[in-house]
Amino acid sequence: MRIRRLSEGTVNRIAAGEVIERPASVVKELVENAIDAGAGQIDVAFRGGGKSLIRVADDGIGMGPEDLALAVERHATSKLADDDLIDIRFLGFRGEALPSIGAVSRLAIASKPRGGGDAHVIAVEGGQLIPPRPAALNLGTEIDVKDLFFATPARLKFLKADRTETVEAAEVVRRMALAHPEVGFSFVTEERRLVDVPREEAEEARIRRILGAEFMENAVLFEREREGVRVRGYAGLPTWSRNNSAQQYMFVNGRSVKDKLISGAIRGAYADVLPSGRFPALVLFLDCPPDRVDVNVHPAKAEVRFRDGALVRSLIVGAIRDALAGKRTPDTGLSRQTAASFRPVMPRPFNHRGFDEEEKQAALAMNMPPASAPLVDQEEAQPDYPLGNARAQIHDNYIVAQTRDGFVLVDQHAAHERLVYERLKRERGGRGIETQPLLVPEVVDLDPVEVERLAVAADVLAQGGLVLEPFGHGAVIVREVPAAIAKGDIGGIVRDVVDELAEIGVATSLEDRINHVLATMACHNSVRSGRRLRPEEMNALLREMEATPNSGQCNHGRPTFIELKLADIEKLFGRR
């Protein structure tokens, strides 16, 4: 078969396949055009999963009949004044969206220019143009897309259920609404209104409205700027993580993106505080001069390329890490789920044999006799510490501390694990981890493959303070360990490190591998569950937590303590 030129209709349908993947793609392109037109209100109507009707109406600057005719031609745009693909200041710029939509649907565009002129409508059906004609429209632009993919019926087979397509399209509008709080948005289906936000809303209020009050209560503000690049947003606390990345919203110069560099930077920022398989909830806005980022690298403009990727990554990682380190714990107001777990329980009858009448009367009068173990004197707890003063240890694992307006329950193992880990990192970032040579080097028996794995990672382990070398065919000899864990189970630590090295693999960066090793050693040497602590030990642990960054969660992302306010306690007992 000889080479031939394809027909214009075929070319348009091929191009439409790149830009218009599903109904949500249509919504994205049309809403972006409305924002570029200076709209203050954008209303989306969605029917039949987007296949029967998608209508986008705005109050933007509108178009006259000449511009309408050009708008449906391929690569015709008002957003590139001098063909400069570097200085792009609009969301759209290629001039592909409208002709691509018209190639696979029945498209009608009605528009009235702002400041004067009559309204006109133009239509394109399966690539066939119907010239502009007068229309009735008060202001702005209204675009109807009917019978999507009727010209390419094979594409319909690849669409998902109507409800799924509707959710995807609504999510597009939600993301746009997050990026542009100055614009009002609505998204309406046959059944209900899925998005409805007013115009001219403050950024924090818009985020609260879209993502909910619970997100804002479990997120910290971050912001940093360097060399003209500014990053800001709200980072969800590690204790409020998700099992996927659906709650991550990333915007570059007002454009919603799913960028690998930004996603990788977010993972790096949370590497110390989130376990594998968990994802933070986050809203991130990155603003930079247009010539510092290339948005012309993806057909749907979903990915970008930065001129200085290292700078962007450094800004994101540093801003989020510092914000998380400065936040010890979320404001743990009593959630509905937590409140539901507290149910009044009638105590079972108990035979009080052995108590005389005087003791019973004293108990009823709340004039209790002294217990066998003296309680902490309430008057001693004068200092108003953030984590309060230790009052008791329960089940040999949890510390109960009283604060000024409630109480704190601390997981002693998880808390001490984080403290040891942060100490090791701090030492490594200074003069190096303080090590202690073993008076009698310890020999640890291992599988030959495990011995080889440790030998390959010997330099990494040495930077973590663990100095060892192969000892025969199936063992290693440990000569030095970090001083912070010198009293731990050396053999157990080495075996855990071997397992950790097998899991993270050699592709992980050197920094991350060292941190993984430090975290493993910290976990193994922390205060174990089941160990009884003296009051001074419990209070010392609390004071060190207050001074240590990231102390609100252990190395695996689990919370180290929870706080219950006095108001929440009163709610549980019906006092509020």
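In this text, all values refer to a predicted model and were calculated from it rather than measured experimentally.

Caption draft 1: How the structure looks around the overall build of the chain. When its secondary structure is counted, the chain shows 18 helices and 22 strands. For the chain, long-range pairs separated by at least 24 residues make up 68% of all intrachain contacts whose partners lie at least 6 apart in sequence. Only carbon and sulfur atoms are counted for the fraction: they give 51% of the accessible area of the chain, which is about 30500 Å².

Caption draft 2: Summary view of the sheet that holds strand β18 (residues 406-411). The four strands are arranged β16-β17-β18-β22 in an open sheet whose pairing can be described as antiparallel. The open sheet is flanked by β16 (389-394) and β22 (561-565), the only strands paired with a single partner. Adjacent strand axes in the sheet meet at a mean angle of 20°, parallel and antiparallel pairs treated alike. Lying on the sheet, helix α12 (residues 412-429) is in contact with β16, β17 (398-403) and β18; it crosses β18 at an angle near 70°. Helix α17 (residues 535-547) rests against β16, β17, β18 and β22 of the sheet, and its axis sits at about 120° to β16.

Caption draft 3: Quick look at the nonpolar core. In this structure, Val-31, Ile-42, Val-145, Phe-185, Ile-207 and Phe-215 are the most contacted members of the largest nonpolar core, which totals 57 residues. Residues within four places of Phe-215 in sequence aside, it is in contact with Ile-207, Tyr-234, Gly-236, Trp-240, Ala-281, Leu-282 and Val-283. Counting residues in each nonpolar core, the second largest holds 34 residues, with Val-252, Leu-282, Leu-284 and Cys-288 among its members.

Caption draft 4: Seen up close, the pairing of strand β21 (residues 475-482). With respect to burial, β21 is a largely interior element, six of its eight residues being buried. In the sheet, strand β19 (residues 435-445) pairs with β21 via seven bridges, with the strands oriented antiparallel. By the bridge assignment, Asp-445 is partnered in β21 with Ala-475. Of the pairings in the sheet, the one linking strand β20 (residues 467-470) to β21 comprises four bridges and is antiparallel in character. Looking at the pairing, Glu-469 lines up with Ile-477 of β21. If you look at the hairpin formed by β20 and β21, you'll find four residues sitting between the two strands, and Gly-472 has a positive phi there, around 80°.

Caption draft 5: Structural context of the sheet that holds strand β12 (residues 255-257). Pairing is mixed across the open sheet formed by five strands, whose spatial order is β9-β10-β13-β11-β12. Edge positions in the sheet fall to β9 (219-226) and β12, since each of these pairs with one other strand and no more. Strand-to-strand twist in this sheet, taken as the mean axis angle between neighbours without regard to direction, amounts to 20°. Alignment of strand β10 (residues 229-236) against strand β13 (residues 282-287), held across six bridges, turns out to be antiparallel.

Caption draft 6: Expanded view of a negative patch on the surface. Together, Glu-442, Asp-489, Asp-496 and Asp-499 make up a negatively charged patch on the protein surface. Tracing the backbone through its elements, the reader meets Asp-489 in the loop between β21 and α15 (490-504).

Caption draft 7: Structural detail: helix α6 (residues 203-211). Buried within α6 are the following residues: Arg-206, Ile-207, Ile-210 and Leu-211. End-on, the buried residues of α6 take up no more than an arc of 105°, which puts them together on one face. In the stretch just after α6, Gly-212 is the one whose phi turns positive, near 100°.

Caption draft 8: Region of the structure containing the packing of aromatic side chains. Taken as a whole, this structure holds three aromatic pairs when the rule is applied. With centroids separated by 6.0 Å and ring planes inclined at 55°, the aromatic side chains of Phe-215 and Trp-240 adopt a geometry described as tilted. Pair noted here: Phe-215 is in helix α7 (residues 213-217) and Trp-240 is in the loop between β10 and β11 (248-252), with a separation of 25 residues, a long-range link. Taken as a pair, Phe-215 and Trp-240 share a single burial class, namely buried. Relative to Phe-285, the ring of Phe-251 has its centre 5.3 Å away and its plane inclined at 15°; by these criteria the two rings are stacked. Here Phe-285 lies in strand β13 and Phe-251 lies in strand β11, a separation of 34 residues in the sequence. Across the pair, exposure class does not vary: Phe-251 and Phe-285 are buried alike. A cation sits over an aromatic face here: Arg-106 above Phe-150, 3.9 Å from the ring centre. Sitting above the plane of the Trp-240 ring, Arg-242 keeps its charged end 3.9 Å from the centroid.

Caption draft 9: Layout of empty space enclosed by the protein. Summed over the entire model, instances satisfying the criterion amount to one cavity of 30 Å³ or more. Together, Val-229, Leu-286, Cys-288, Arg-292, Phe-306, Arg-307, Asp-308, Leu-311 and Val-312 line the largest cavity.

Caption draft 10: Main features of the side chain of Asp-36. With respect to the helices, strands and loops of the structure, Asp-36 is situated in helix α2 (residues 23-36). Within the structure, Asp-36 has its side chain in polar contact with the backbone nitrogen of Leu-91 (distance 3.0 Å).

Caption draft 11: Representation of the packing of α12 against α17. Put simply, α12 and α17 touch, their axes get as near as 10 Å, and they point 50° apart. If you check the angle between α12 and α17, you find them oblique. As for the relative orientation of α12 and α17, their crossing is left-handed in sense. Taking contact as the criterion, the partners of Gln-412, Ala-415, His-416 and Leu-419 in α12 are, on α17, Leu-541, Glu-544 and Met-545. Among the residues making up the contact of α12 with α17, the classes are represented as four nonpolar, two polar and one charged.

Caption draft 12: Seen up close, the environment of Arg-209. Counting through the fold element by element, Arg-209 comes out in helix α6. When the C-alpha atoms of Arg-209 and Val-197 are compared, they prove to be 7.8 Å apart, with 12 residues separating the residues in sequence. The contact partners of Arg-209, leaving out residues within four places of it in the chain, are Asp-196, Val-197, Pro-198 and Glu-201. Of the polar contacts made by the side chain of Arg-209, one reaches the side chain of Glu-201; its length is 2.7 Å.

Caption draft 13: Here's a closer look at the pairing of β10. The element β10 is extensively covered by neighbouring structure, given that seven of its eight residues are classed as buried. Bridge count between β9 and β10: eight bridges; the pairing is antiparallel. Directly across from Arg-224, in β10, lies its bridge partner Val-231.

Caption draft 14: Structural detail: the environment of Arg-230. Mapped onto the secondary structure, Arg-230 falls in strand β10. The class of Arg-230 is partly exposed, set by a relative accessible area of 29%. As a C-alpha pair, Arg-230 and Pro-289 span 59 residues in sequence and 9.8 Å in three-dimensional space. Looking at Arg-230, its side chain comes within polar contact range of the side chain of Glu-223, at 2.6 Å.

Caption draft 15: The pattern of salt bridges, seen in detail. The final tally for this structure, using the stated rule, is 30 salt bridges. A salt bridge links Arg-230 to Glu-223; its shortest N-O distance comes to 2.6 Å. According to the relative accessible area criterion, Glu-223 is partly exposed, its value standing at 48%. Here the residues in one salt-bridge network are Asp-272, Arg-418, Glu-422 and Lys-425, joined through shared partners.

About the cut-offs
- Residues numbered from 1 in each chain as written.
- Predicted model: local features only at pLDDT ≥ 70, side-chain atom pairs only at ≥ 80, totals over all residues.
- Heavy atoms only, no water.
- Helix = DSSP H or I, 4+ residues; strand = E, 2+ residues; numbered from the N terminus.
- Contact = heavy atoms within 4.5 Å.
- Areas by Shrake-Rupley, 256 points an atom, 1.4 Å probe, with all protein chains shown as cover.
- Pairing = 2+ DSSP bridges.
- Axes fitted to C-alpha atoms, helices over the stretch in contact; angles between N-to-C directions.
- Core = buried A, V, L, I, M, F, W, Y, C linked by side-chain atoms within 4.5 Å.
- Buried < 20%, exposed > 50% of the residue type's maximum accessible area, 1.4 Å probe, protein only.
- Patch = residues over 30% accessible without salt bridge, like charges linked within 9 Å, V, L, I, M, F, W, Y side chains within 5 Å.
- Salt bridge = Lys/Arg side-chain N within 4 Å of Asp/Glu carboxyl O.
- Lys, Arg positive; Asp, Glu negative; His and termini not counted.
- Charge placed at Lys NZ, Arg CZ, Asp CG, Glu CD.
- Arc of directions from axis to C-beta.
- Phe/Tyr/Trp six-rings, centres within 6.5 Å; stacked < 30°, edge-to-face > 60°.
- Lys NZ or Arg CZ within 6 Å of the ring centre and 35° of its normal.
- 1 Å grid on protein atoms, 1.4 Å probe; cavity = no way out; pocket = protein on both sides within 12 Å on 5 of 7 lines; lining within 4 Å.
- Points joined across faces, edges and corners; volume = space filled by probe spheres on them.
- Polar contact = N/O pair within 3.5 Å; in protein donor to acceptor, adjacent residues only side chain to side chain.
- Parallel < 35°, antiparallel > 145°, perpendicular 65-115°, else oblique.
- Left-handed = near helix turned anticlockwise from the far one by under 90°.
- Nonpolar A, V, L, I, M, F, W, Y, C, P; charged D, E, K, R; others polar.

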